[in-house]
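Below, each chain spelled out in residue letters.
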Amino acid sequence: MNRKTKRALTTFAYHFFVILFGFLMIYPVLWMMASSFKPHADIFTDAYSLIPRRVVFANYANGWRGFGNNTFGTFFANSFKLVIPATIGVVITSAMAAFGFARVRFRLSKLWFTCMIITMLLPMQVLMIPQYILFNKLGWTDTYLPIIVPAFCGQAFFIFLNMQFIQGIPIELDESATIDGCGRVGIFLRIMIPLIWPAMITSMIFSFYWRWEDYLSPLLYIRTAKKYPVSIALKLFSDPASVSDYGAMFAMSVLSLVPVFVIFVAFQRYLVEGIATTGLKG
Amino acid sequence: MPQKTLTRRRKRSLETNNIAGYLFIGPWLIGFIVFTIVPIAMSLYYSFTNYDLIGSPTWVGFQNYITIFTNDVRFYKAVNVTVTYVLIYVPLRLAFALFVAMLFRVPRRGVSVYRAVYYIPSVVGGSVAVAVMWKQLFGRNGVLNSFLLAIGAMAPAAARSWTTTPSTALGTLIVLAVWQFGSPMLIFLAGLKQIPAQLYEAAAIDGAGPIAQFFRITIPSLSSVIFFNFLMQTISGFLSFTQALLITNGGPMDRTLFYVLYIYLKGFSFNEMGYASALAWIMLLFMALLTGIIFKTSNYWVFYESKGANK
């Protein structure tokens, strides 16, 4: 056996192993997809099978009908009504704060910066109870305000991510802009935003994911079924009280992941870079 | 070195501008005070009271804390579950992340596609969709059982739901957590790419095999990245609970009663806001202590290539 065949064998073994292991990794997701096309009676016969014996679309029609008078159309619309404003808010205010911390000198800036870093490590779940009491007192329950308003105050993780980007931009750009009579706001809008938009897109992706998949906040604050986002509606399928239509549950679960996959495929590069930058320089 | 001159120059060129500074960090600062500082102060106060949300809080001093430590079996169960979970899932997740990152270190055809596929579980893993699916995967008639039956590894009578069996319930949640090793994997991958190739070449000339290279070069060069991943995963491990809330709701027999889930149940199922706040404060102090210890001891086991570069 010469060197060439040995090399080919190693390459083959590598790909074989990586593909096999990768298949196991996404097997549960594939299974969910396959099950969503299986007739109700077939889902748990030879459950592990990924190939439906008969392909049906009834699960999607049944699932879409939703609960009571609310179809999944309502739930999807609600999710977008909640996630889009919150994401816009968090992306803009986080970029602003990052610029402030990285490029403007002001009193107590060191203190506030330290506070910001601490909030990254602070277990936010600890705030669950007092925030609930606070929003309750403000009369914000059964609205999206407890989710949207705090988003307009930025998020430490995204501030940090944007700062990493801003620190890589030469300060000379700011200086020459200042000489040209550009104020701080002008520098931010005309120089920073065009340069840090990859960081802003990364923030956008993460914000979308976290808020789209968020179950806890809507569970705490939303009372009326008409206002439920998709995450809460999906959970209703598996509640013992409701009829267990697993096919419909899988169908709507798959639909709920469609936006997640679309964004993943479209922006994968930003996601990877975002994790790598914040991770390494953390 | 160049970084140092840059900061010095920056200091000179940046004039103090309080108005602009507070304008830019304003939204964050308001949020920090209103949605973080105020709630933290509120919860400290509530932790010394009995409060059911309907009436007004009544001051009970340290009573909640005393009850928690001396007369609350579920508290100790929750601590036990959470610590067990963290001790098992963090090393496993990091080991998988590093192993897979090593596989993807060398650019080959297809690696970017593989990397994306391996990252998919981390993208969807936190969702309700996966949680409800997970329950069926390990259900009585689910995939695992049907597979075990098909290969004859299990008697039909032994089939039971893995998520509602006390001895295996936590295991299903650990598998779910380990499955999502994508983020630490990407961070390891970025770290691996920073290791100079010369180090490996020199080691190979000195006769070091792949295993020696891994332990003598890869692991030490990666120690700060390992540290970061370890810290982040440990923190998030202690705080995880939504998947437990969705899949097992703490059961069976409190075997998956994560600490934060216990806080949640005390607060929102039993309306004991004071008691739940005390539980939350114990968590906060514990996390502060733990983070402090991890940072303090990091000097002993994190290898920095140039000490000067780090502060």
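The rules we used
- Residues numbered from 1 in each chain as written.
- Chains lettered and ligands numbered in written order.
- Predicted model: local features only at pLDDT ≥ 70, side-chain atom pairs only at ≥ 80, totals over all residues.
- Heavy atoms only, no water.
- Helix = DSSP H or I, 4+ residues; strand = E, 2+ residues; numbered from the N terminus.
- Rg over C-alpha atoms; globule rule 2.2 N^0.38 Å.
- Buried < 20%, exposed > 50% of the residue type's maximum accessible area, 1.4 Å probe, protein only.
- Contact = heavy atoms within 4.5 Å.
- Areas by Shrake-Rupley, 256 points an atom, 1.4 Å probe, with all protein chains shown as cover.
- Lys, Arg positive; Asp, Glu negative; His and termini not counted.
- Charge placed at Lys NZ, Arg CZ, Asp CG, Glu CD.
- Axes fitted to C-alpha atoms, helices over the stretch in contact; angles between N-to-C directions.
- Parallel < 35°, antiparallel > 145°, perpendicular 65-115°, else oblique.
- Left-handed = near helix turned anticlockwise from the far one by under 90°.
- Nonpolar A, V, L, I, M, F, W, Y, C, P; charged D, E, K, R; others polar.
- Buried area = accessible area lost by both parts, 1.4 Å probe.
- Salt bridge = Lys/Arg side-chain N within 4 Å of Asp/Glu carboxyl O.
- Polar contact = N/O pair within 3.5 Å; in protein donor to acceptor, adjacent residues only side chain to side chain.
- Domains from an automatic or database assignment.
- Patch = residues over 30% accessible without salt bridge, like charges linked within 9 Å, V, L, I, M, F, W, Y side chains within 5 Å.
- Phe/Tyr/Trp six-rings, centres within 6.5 Å; stacked < 30°, edge-to-face > 60°.
- Lys NZ or Arg CZ within 6 Å of the ring centre and 35° of its normal.
- Expected span 1.5 Å × (residues − 1).
- Bend = angle between axes of the 7 residues up to and from the residue.

Asker: Honestly, the overall build of chain B in this entry has me stumped. Any pointers?
Answerer: A count of helices and strands for chain B gives 15 helices and 2 strands. Against the 2.2 N^0.38 benchmark of 19 Å for 311 residues, chain B shows a C-alpha radius of gyration of 25 Å, more extended than a compact globule. Counting only C-alpha atoms, chain B reaches 70 × 70 × 35 Å along its principal axes. Expressed as a percentage of its 311 residues, the buried residues of chain B come to 52%. The long-range share in chain B, meaning contacts at least 24 apart out of those at least 6 apart in sequence, stands at 66%. Surface summary for chain B: the accessible area is close to 15100 Å², and the carbon and sulfur share equals 66%. Distance from the positive charge centre (23 side chains) to the negative charge centre (8 side chains) of chain B: 8 Å.

Asker: Help me understand the packing of helix H11 (residues 230-237) of chain A against helix H6 (residues 128-137) of chain B in this model?
Answerer: Any two packed helices are characterised by how steeply their axes cross, that is the angle between the axes, and by the distance between the axes. Relative to each other, H11 of chain A and H6 of chain B sit at 15°, their axes nearing to 9 Å. With respect to their mutual orientation, H11 of chain A and H6 of chain B come out roughly parallel. The two elements H11 of chain A and H6 of chain B meet at a crossing, and its hand is right-handed. Facing Ser-231, Leu-234 and Lys-235 of chain A of H11 of chain A, the residues of H6 of chain B in contact are Val-128, Ala-129 and Val-132 of chain B. When the residues that make up the contact of H11 of chain A with H6 of chain B are grouped by side-chain class, the tally is 4 nonpolar, 1 polar and 1 charged.

Asker: Could you clarify how one ought to interpret the interface of chain B and chain A in this entry?
Answerer: In many analyses, interface size is given as the accessible surface area lost on bringing the parts together. Chain B puts 95 residues into the contact, and the matching count from chain A is 92 residues. Between chain B and chain A, the buried area comes to about 8500 Å², and carbon and sulfur atoms account for 77% of it. It is Phe-24, Trp-28 and Phe-35 of chain B that lose the most area in chain B upon contact with chain A, and together they represent 10% of the buried surface on that side. The tally of links between chain B and chain A comes to 0 salt bridges. Our count for the chain B to chain A interface comes out at 13 residue pairs in polar contact (both at pLDDT 80 or more). Take the side of chain B that touches chain A: its biggest share by element is 20 residues, from helix H2 (residues 18-46) of chain B. Of the residues contributing to the side of chain B that touches chain A, the split by class is 65 nonpolar, 22 polar and 8 charged.

Asker: Any chance you could explain the pattern of salt bridges here in plain terms?
Answerer: It is possible for side chains of opposite charge to pair when their charged atoms get near one another. Inspection of every chain in the model, using the stated rule, returns 5 salt bridges over all chains. With its nearest N and O atoms 3.7 Å apart, the salt bridge here joins Asp-42 of chain A to Arg-54 of chain A. One end of the pair, Asp-42 of chain A, is in the loop between helix H1 (3-36) and helix H2 (58-64); the other, Arg-54 of chain A, is in the loop between H1 and H2, with 12 residues separating them in the sequence. One salt bridge in this structure joins Asp-254 of chain B and Arg-74 of chain B, with 2.9 Å as the shortest N-O distance. Taken together, the residues Asp-254 of chain B in the loop between helix H13 (242-247) and helix H14 (259-269) and Arg-74 of chain B in helix H4 (residues 73-103) connect sequence positions 180 residues apart.

Asker: In this structure, what is going on with the domain arrangement of chain A? I would like to understand it.
Answerer: Residue and element names in this part refer to chain A. Domain boundaries in chain A define domain 1 (3-56) and domain 2 (69-281). Taken over C-alpha atoms, the centre of domain 1 sits 34 Å from the centre of domain 2. Each side of the interface is counted separately: domain 1 has 9 residues, and domain 2 has 10 residues. Both faces combined, the contact of domain 1 with domain 2 buries some 730 Å², and carbon together with sulfur accounts for 88% of it. Put simply, domain 1 and domain 2 have 0 salt bridges between them. Here domain 1 and domain 2 share 0 residue pairs in polar contact (both at pLDDT 80 or more) between them. In the side of domain 1 that touches domain 2, the residues fall into 6 nonpolar, 3 polar and no charged.

Asker: Looking at this model, I keep getting lost on unusual backbone geometry. Mind explaining?
Answerer: As a rule of thumb, non-glycine residues mostly have phi less than zero, and peptide bonds are mostly trans rather than cis. All names here are of chain B. Of note, the phi angle at Leu-53 is positive, near 80°, even though the residue is not glycine. Inspection of the secondary structure puts Leu-53 in the loop between strand E1 (49-50) and strand E2 (58-59). With a phi angle near 50°, Met-253 is a residue other than glycine that sits in the positive phi range. The residue Met-253 is located in the loop between H13 and H14 in this model.

Asker: Where do I start with a nonpolar patch on the surface in this structure?
Answerer: Side chains of Val-79, Val-83, Leu-87, Ile-88, Leu-92 and Phe-96 of chain B sit close together on the surface and give an oily, nonpolar patch of about 450 Å² of accessible area. Inspection of the secondary structure assignment puts Leu-92 of chain B in helix H4.

Asker: Quick question: what am I supposed to make of the environment of Val-265 of chain A here?
Answerer: Residue and element names in this part refer to chain A. Tracing the sequence through the fold places Val-265 in helix H12 (residues 246-281). Its relative accessible area of 66% is what places Val-265 among the exposed residues. Spatially, the C-alpha atom of Val-265 lies 28 Å from that of Gly-66, the residues being 199 residues apart in sequence.

Asker: Before we go on, may I ask you to explain the packing of aromatic side chains in this structure?
Answerer: Each aromatic ring pair is summarised here by two numbers: the centre-to-centre distance and the angle between the ring planes. All names here are of chain A. Here the structure, examined in full by the defined rule, presents 64 aromatic pairs over all chains. Geometrically, the ring pair formed by Phe-101 and Phe-106 is tilted, given 6.5 Å between the ring centres and 35° between the ring planes. For the residue pair Phe-101 and Phe-106, the accessibility class agrees, reading buried in each case. Between the aromatic rings of Trp-197 and Tyr-270, the centroid separation amounts to 6.2 Å while the plane-to-plane angle is 50°, which identifies the pairing as tilted. Here Trp-197 is found in helix H9 (residues 184-213), whereas its partner Tyr-270 is found in helix H12, with 73 residues between them in sequence. What makes Trp-197 partly exposed here is its relative accessible area of 41%. In this structure Tyr-270 comes out as buried when scored by relative accessible area, which is 11%. Through a chain of ring-to-ring contacts, the aromatic side chains of Trp-64, Phe-67, Phe-72, Phe-75, Phe-76, Phe-80, Phe-208, Tyr-209, Trp-212 and Phe-237 assemble into a single cluster. Above the face of the Tyr-270 ring, Arg-269 is positioned so that its terminal group lies 4.9 Å from the ring centre.

Asker: Mind showing me how you'd approach the side chain of Gln-180 of chain B here?
Answerer: All names here are of chain B. Tracing the chain through its elements places Gln-180 in the loop between helix H8 (169-179) and helix H9 (182-194). A relative accessible area of 15% means that Gln-180 is categorised as buried. Residues within four places of Gln-180 in sequence aside, it is in contact with Arg-93, Pro-121, Ser-122, Gly-125 and Gly-126.

Asker: In this structure, what is going on with helix H5 (residues 111-124) of chain B? I would like to understand it.
Answerer: Count 3.6 residues to each turn of an α-helix, and residues three or four apart come out pointing the same way. Residue and element names in this part refer to chain B. Given a rise of 1.5 Å per residue, 14 residues ought to cover 20 Å, and the 21 Å separating the end C-alpha atoms of H5 matches this to within 8%. The largest bend in H5 is about 30°, located at Tyr-118, with the proline Pro-121 one to four residues further on. H5 sits mainly inside the fold: 11 of its 14 residues count as buried. Residues of H5 that are buried include every one of Val-111, Tyr-114, Arg-115, Ala-116, Tyr-118, Tyr-119, Ile-120, Pro-121, Ser-122, Val-123 and Val-124, and no others.

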